[in-house]
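# Coordinate inspection notes
Single-letter residue listing:
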Amino acid sequence: MSGDRSQGQVSTVLRLLNEVVRGSSGIPRDCARRFSEYAKRLEVIINQVDKILSETPPPPVQTALKGIAADLRKVEATTGVYNNKCKIYLLIHCRNLCKILQETAQSIGNWLALLDLGLQNNNDLQKKSDQLSREMQQAQFSVTENEERICSTLEKEAHGRLTAKAVQNAIIMDIARALGMDSERNRLELSQQIQLLKDDLRDSNDENDLHILHSLERMFDNWAIEPVVVSKPIDSDAEEDAPIPPFKTFLCPLTKEVMKNPVVLESSQSYERSAIQHWFAHCREQGRDPTCPVTGQVLKSLELRPNISLSGTIQEWVDRNVDIRIKSAIQHLGSSASVEDCERALDDIYKISEEYPSSRYKLRKSGLIPIIVEAMQRPSQGHVGSQLRSKVLMTLLSMAGDDDSKKMMVEAGVSRLASKSLGATPEKEKEYAVRLLLEFSNVKEFCLRIASEKGSLLLLSGMAGNVENPTLSNLAEQVLRKMEDVEENVHQLAAAGRFQLLLTLLCEGSENSQIQMAECLSNMTLANSDKELIVTKGAKVFVNMLSSTLEAKSSSLLALFNLSTLDDNAAVLVDAGILPPLMNILFKVHSIQDPVPINLKELAAETLANIVSKAGHWEFAVVDSEGHALQSEFIIHKLLELLTHIGPHWKVNLLRILYGISSSPQAAESAAVHIKNGNGIVTLVAFLEDPELDHRIHAFKLICILSERLGQDFAPVLRNNNRLVLLKDKLLNSGLYASEECSAAAYILANLPLSDHEVKNVLGADLIGCIVNALKEQRGNRAGRNSWAGNTMVEGLLGLLLHFARCSDRTVLDSVRENRLMIVFKEQLMYHGQPKVKLLSAKGLRYLSEAARTVAKDLEPQPPNGWCVSYMLMCVNPPPTPVLCPVHGVPCDQDSMFCLVKANAIKPLVELLEDSNIDVQTAAVEALSTILSDTNNLKACVEELDKEEAVQHILGLFFVVRPGQLQERIVWMIERILRVDEQSQRYSLDQSMVKALVEAFKHGNSSTRQLAQSALTNLKELSGASAGVLSRSRLQRFGNPQ
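The residue count restarts for each chain, going from 1 along the sequence in the order it is written. Note on the predicted model: pLDDT of at least 70 is required for a residue's local features to be given, and 80 or more for side-chain atom pairs to be given and counted; whole-chain, interface and lining totals, by contrast, use all residues. Side-chain figures throughout are based on the complete set of non-hydrogen atoms in the structure, without hydrogens or water.

## Thoughts on the overall build of the chain
Definition in use: Numbered from the N terminus, helices here are DSSP runs of H or I no shorter than four residues, and strands are runs of E no shorter than two. Using a 1.4 Å probe on the protein chains alone, a residue whose accessible area is under 20% of its type maximum counts as buried, one over 50% counts as exposed, and one in between counts as partly exposed. We call two residues in contact when some of their heavy atoms are within 4.5 Å. All accessible areas in this document rest on Shrake-Rupley with a 1.4 Å probe, and a residue is counted as covered only by the protein chains that are shown.
Broken down by element type, the chain carries 53 helices and 3 strands. Across the 1042 residues in the chain, those meeting the buried criterion constitute 51%. Taking all contacts inside the chain whose residues are at least 6 apart in sequence as the whole, residues at least 24 apart take part in 70%. Of the roughly 49,300 Å² of accessible surface on the chain, 49% is carried by carbon and sulfur atoms.

What follows is the structure, given as structure tokens:
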């Protein structure tokens, strides 16, 4: 049995050896051939072993045969994979094949050493086996240096490393040599091998192999491109106007292009200098000796000797062809040429300029530049026109490599044409235009020409801020920075929104430069962001100029007037110390030694008016050496004095200054007092009839704001000379249109303390209807709703209606009822968001509700008189009993217009209790409190309030309100509410109520304390009836009200 197994092992080994030898023959590699020879020698040894083996061979022989068979199966599998594969496949896997065969040969050699132990009786066979064992154990299957280099290179190329075209072509030549081919003569065979590799890898999933295939295909496609060449000498009879292709010797073997700087290696092969240098760098990176790519010769010297003769021949060929191509381009750019001909000509000119930079002088001298410019100016539209312009700009950009060409282009109008293309839609055209301008901007003379082109810097400035196209933005920024190197461009740059150069000259330049920059700014229309930037950087300079020469003062004031129109700049200018020099100019007396022209005073007043137009900063600044503030008595009186002595041209600015000061919350109170004490009221009122419209408007606005505090003082002055009628006429003559004069007139009249007689006879009841109609129009006019005139008009008209609502005259009350003022106030309350409007509307509802008691008396039915009446009552049915108003006890109906209940005005007033403005809340509480003024019908009145949840909201506000008028009025209402038993019982155990009333008792004024004590009494706190009892002694500890 053991003998049979032994025979079977021998047969298996012999069969496997035959398969290995047969498979190796299909692999054209040295390692496969060597392993095949080992296999043949092993076959001889195994056959001899088979003859001498006994039926039971020694265990070492059996083990050796088994091991050899296993290794041969591995080789059989390997040769099966590589058999009949293409040469390139074997080349890129040669390292793996060699590794497998070497490891297998060494393993078989070890098994043969074991086999020797069983052959001790046969010296000759043992000697052969031992020799083969040693050889196989020491076998080295390695790839050649060239193969190793090619494999490494292909792997790097396959994994995304992009090398130069010249290096890739050299790699193809290396591969061809490794495959035993000539890259030029066997071009077709090499292409076939790549196709075979593609076939071999069709079902492969090995990403590395697939990447190598794609890389090889790409490199071969580039290498396989063959330019048209001639192989015979130039015929002297050849057509002069026809360009001739290059000779093959003109082409670099690595780039396949005409050489510009041919050099010769020691192998006598010529290359383009840059191409062979790329190849040498690649060789050094690979750690190999540099070789000649065509011959494969290892170079001992890397000297690159210029091929002068070849270079001269190539240059002669280039010059001849360039001349011919320029002549042809000029013909194709003629006025009758089609767009397609022009584009082809431009493409050829561009190639000449890029391929042969040394020939650009020929392009310039041929007169092509003006011809190209003329082609760009031809009328063309749409995509075709833009494409042609892009090619023109691209060609000119390529030609603009020297100053002479640039000068010729600028003289031909290229800078103007490029500037026009800055506004084009296609991004490519704009990019070429900007790049061309960037070339021109390297020369100062050309920078001035670019800046003079209308709109060029503005378009460049817009591009520089375009984040959507960073390339274009960066190019435009570079051009603008070049422009900023030329001081003469400062005005154009500033006009385009580029202020860096201007600010540099302003802050660091001479006094003359500062004056020029200030004058430049005075004449510009600036964006708000630009005004902010300039003031932030230059405020100190402008302020210092105000204390310098007369010319410096004038230019600074002109600039400051322009810059101070931005509200946010006021604080910066004030911090820079502008107020003292402005006041010095404004108040200084003119003299020959120290002249202060009137125009400077006017500019100072205009600038100061702009600064004080926004409150919040200047109020705390000192304006002179005495420490006065703008709102001080001294300054106010000086302004009033100046107002009465100056000419008419700049009075309006003084009125604006006084208006700004009087409008500031911090300065208004003191300004009003000082204006009053300085006889300013009479002075200002006189302006209401000034012939100058601007004077009247600003006087009206100033008196309008002052009348809030000085209405009592303005009233007698306005009554003189019948100026109350003047104000009314301003209203009526304008048709109550919201002009500044009309709005201010309404506001002033609203703030005056008018008697009932004046309301009836000066204003007149007929004015009510006009006001109501005007309010309706204002509510529908959204455009003027947020303007000063619009808001002031609404507030003034409502204030006028308050005069009528307070009036007790019967005629006026009838007109109030007829015009339904209750509804007017309610609508304004509900639909207008301005706090002042809500305040006035709530007051109007309050006054009408207070008048309801007086009106109700007239509505009470009178008892019939006479004997006939009694007889009639017996004969007819009695009239139906009228429904009485729960508040007024008389039949109030919708037309009464004095009852908050019937007018459904309680709910809107309740909503005002949640307003953020405390004055509005107070007005709403005062209006609601009118319902509780009649103690005889208190229960019904409280029930009406409770229906609209007014009681709940009043209590909610009471819990959070602070001591003051609002708290006092709320406590008054609560005291009345708690007089009703149901209400006192509801809140008798409410500790929040008790706590709030105690706080009001402790911290309120005397009236509030009395009301709080009364409310607590109503809650039965004084009798100790509840768990939260507050004894009389505890109240006394807080102090009794006086």
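On we go.
## Topic: the nonpolar core
Threshold: Joining through side-chain atoms within 4.5 Å is the link that ties buried Ala, Val, Leu, Ile, Met, Phe, Trp, Tyr and Cys residues into a set, and such a set is a nonpolar core.
Grouped together as the largest cluster of nonpolar side chains are 336 residues, with contacts concentrated most on Leu254, Phe542, Leu630, Leu752, Leu801, Phe804 and Phe958. Among all residues touching phenylalanine 958, those that are not within four sequence positions of it are Ile970, Val971, Ile974, Met993, Ala996, Leu997 and Ala1000.

## Regarding the packing of aromatic side chains
Put simply, the rule is: Stacked, tilted and edge-to-face are the three classes applied to pairs of Phe, Tyr and Trp rings, where Trp contributes its six-membered ring and a pair requires centres within 6.5 Å; stacked means planes under 30 degrees apart, edge-to-face means over 60, and tilted covers the rest.
Tallied over the full model, the rule gives 8 aromatic pairs. Look at phenylalanine 35 and phenylalanine 141: their rings are 6.5 Å apart centre to centre, the planes differ by 50°, and that puts the pair in the tilted class. In this pair, phenylalanine 35 is assigned in helix H2 (residues 30–52) and phenylalanine 141 in the loop between helix H6 (123–137) and helix H7 (145–158), connecting sequence segments 106 residues apart. Here phenylalanine 35 and phenylalanine 141 have matching classes, each one buried.

## Section: helix H17 (residues 403–411)
Keep this limit in mind: To be clear, the arc concerns the directions from the helix axis to the C-beta atoms.
Buried residues of H17: Ser405, Lys406, Met409 and Val410, and no others. Each buried residue of H17 lies within a common arc of 135° when the element is viewed along its axis, so the set occupies one face. Phi turns positive one or two residues past the end of H17, at glycine 413, with a value near 90°.

## Focus on the side chain of lysine 391
Defined as follows: Contacts described as polar in this section are N or O atom pairs within 3.5 Å, which, within protein, must combine one atom able to donate a hydrogen with one able to accept it, while residues neighboring in sequence count only if both atoms come from side chains.
Within the fold, lysine 391 resides in helix H16 (residues 382–399). Given a relative accessible area of 18%, lysine 391 falls into the buried group. Polar side-chain contacts of lysine 391 include one of 2.9 Å to the side chain of aspartate 347. Apart from residues lying up to four places away in sequence, lysine 391 is in contact with Glu343, Leu346 and Asp347.

## A few points about the environment of threonine 792
You can see threonine 792 is positioned in helix H40 (residues 788–806). Beyond its immediate stretch of four places on either side in the chain, threonine 792 contacts Cys704, Ser743, Ala744 and Tyr747. A distance of 2.6 Å separates the side chain of threonine 792 from the backbone oxygen of tryptophan 788, its partner in a polar contact.

## Considerations on the pattern of salt bridges
Our working definition: A pairing counts as a salt bridge when a side-chain nitrogen of Lys or Arg comes within 4 Å of a carboxyl oxygen of Asp or Glu.
Across all of its chains, the model carries 49 salt bridges by this definition. The residue aspartate 199 makes a salt bridge to arginine 202 at a minimum N-O spacing of 2.6 Å. Between arginine 389 and glutamate 429 there is a salt bridge, with its nearest N and O atoms 2.8 Å apart. Of the two residues, arginine 389 is situated in helix H16 and glutamate 429 in helix H19 (residues 427–440); the sequence distance between them amounts to 40 residues. By relative accessible area, which is 23% here, arginine 389 ends up partly exposed. Owing to a relative accessible area of 1%, glutamate 429 belongs among the buried residues under this scheme.

## A few points about the environment of glutamine 952
Tracing the backbone shows glutamine 952 in helix H48 (residues 950–958). Judged by its relative accessible area of 52%, glutamine 952 falls in the exposed class. Remark: the alpha-carbon pair of glutamine 952 and valine 910, spanning 42 residues in sequence, is separated by 9.7 Å.

## Observations regarding the sheet that holds strand E2 (residues 270–272)
Put simply, the rule is: Strand pairing is assigned whenever DSSP identifies at least 2 bridges connecting the two strands. Every axis in this analysis is a line fitted to C-alpha atoms, fitted for helices over the stretch in contact. Angles between the N-to-C directions lie between 0 and 180 degrees.
Spatial ordering of the open sheet is given by E2-E1-E3, a layout of 3 strands whose pairing is antiparallel. The open sheet terminates on both sides in strands that have one partner only, identified here as E2 and strand E3 (305–306). Here strand E1 (residues 262–264) runs beside E3; their pairing, made up of 2 bridges, is antiparallel. Across the sheet, valine 263 pairs through a bridge with proline 306, a residue of E3. Relative to the sheet, helix H11 (residues 273–286) contacts E1, E2 and E3, its axis offset from that of E2 by approximately 90°.

## A short note on the packing of H19 against helix H22 (residues 470–483)
Basically, it comes down to this: In this scheme, roughly parallel covers angles under 35 degrees and roughly antiparallel covers those over 145, while 65 to 115 is roughly perpendicular and the rest are oblique. It is the rotation of the near helix from the far one that decides the hand of a crossing: anticlockwise by less than a right angle makes it left-handed, clockwise makes it right-handed.
Across the interface, H19 lies against H22 with an axial gap of 9 Å and an inter-helix angle of 25°. In terms of their interaxial angle, H19 and H22 are classed as roughly parallel. The hand of the H19/H22 crossing is left-handed. Facing Glu427, Lys430, Glu431, Val434, Arg435, Leu437 and Leu438 of H19, the residues of H22 in contact are Thr471, Leu472, Leu475, Ala476, Gln478, Val479 and Lys482.

## Structural notes on unusual backbone geometry
Residue asparagine 84 is not a glycine yet carries a positive backbone phi of 65°. Phi at asparagine 679 takes a positive value of approximately 60°, unusual for a residue other than glycine. Inspection of the secondary structure assignment puts asparagine 679 in the loop between helix H33 (668–677) and helix H34 (680–686). Here asparagine 679 falls in the partly exposed class, since its relative accessible area comes to 48%.

## Things to note about the confidence of the model for the chain
Threshold: Scored between 0 and 100, pLDDT is the confidence that the predictor attaches to each residue.
Per-residue confidence for the chain gives a mean pLDDT of 84; residues scoring 70 or more make up 88%. Mean pLDDT in the chain bottoms out at helix H53 (residues 1032–1038), which sits at 42, and peaks at E1, which reaches 95. Within the model, the stretch residues 233–238 combines pLDDT values under 50 with 3 contacts to residues more than four positions away or in other chains.

## Topic: the environment of alanine 32
Mapped onto the fold, alanine 32 is located in helix H2. Not counting residues up to four positions away in its chain, the partners in contact with alanine 32 are Ser24, Ile27 and Leu101.

## Examining helix H52 (residues 1006–1018)
Formally: To estimate how far a helix should extend, the number of its residues minus one is multiplied by 1.5 Å.
For H52, spanning 13 residues, the distance from its first C-alpha to its last is 19 Å, which sits close to the expected 18 Å at 1.5 Å a residue. For H52, every residue scored as buried is listed here: Thr1008, Arg1009, Leu1011, Ala1012, Gln1013, Ala1015 and Leu1016. Where H52 begins, one side-chain oxygen reaches toward the backbone nitrogen of serine 1007, 3.2 Å away; that side chain belongs to asparagine 1005.

## Thoughts on the side chain of asparagine 169
Mapping asparagine 169 onto the fold places it in helix H8 (residues 165–178). With a relative accessible area of 0%, asparagine 169 lands in the buried category. Those residues in contact with asparagine 169 that lie beyond four places of it in its chain are Met219, Asn222, Trp223, Pro253, Leu254, Thr255 and Lys256.

## Concerning the state of the cysteines
Cut-off, in case you're wondering: The disulfide definition used here is simple: a pair of cysteine sulfur atoms within 2.5 Å.
All chains considered together, the criterion is met by 0 disulfides. Looking at the unpaired cysteine 31, the closest cysteine sulfur is the one in cysteine 98, lying at 3.7 Å.

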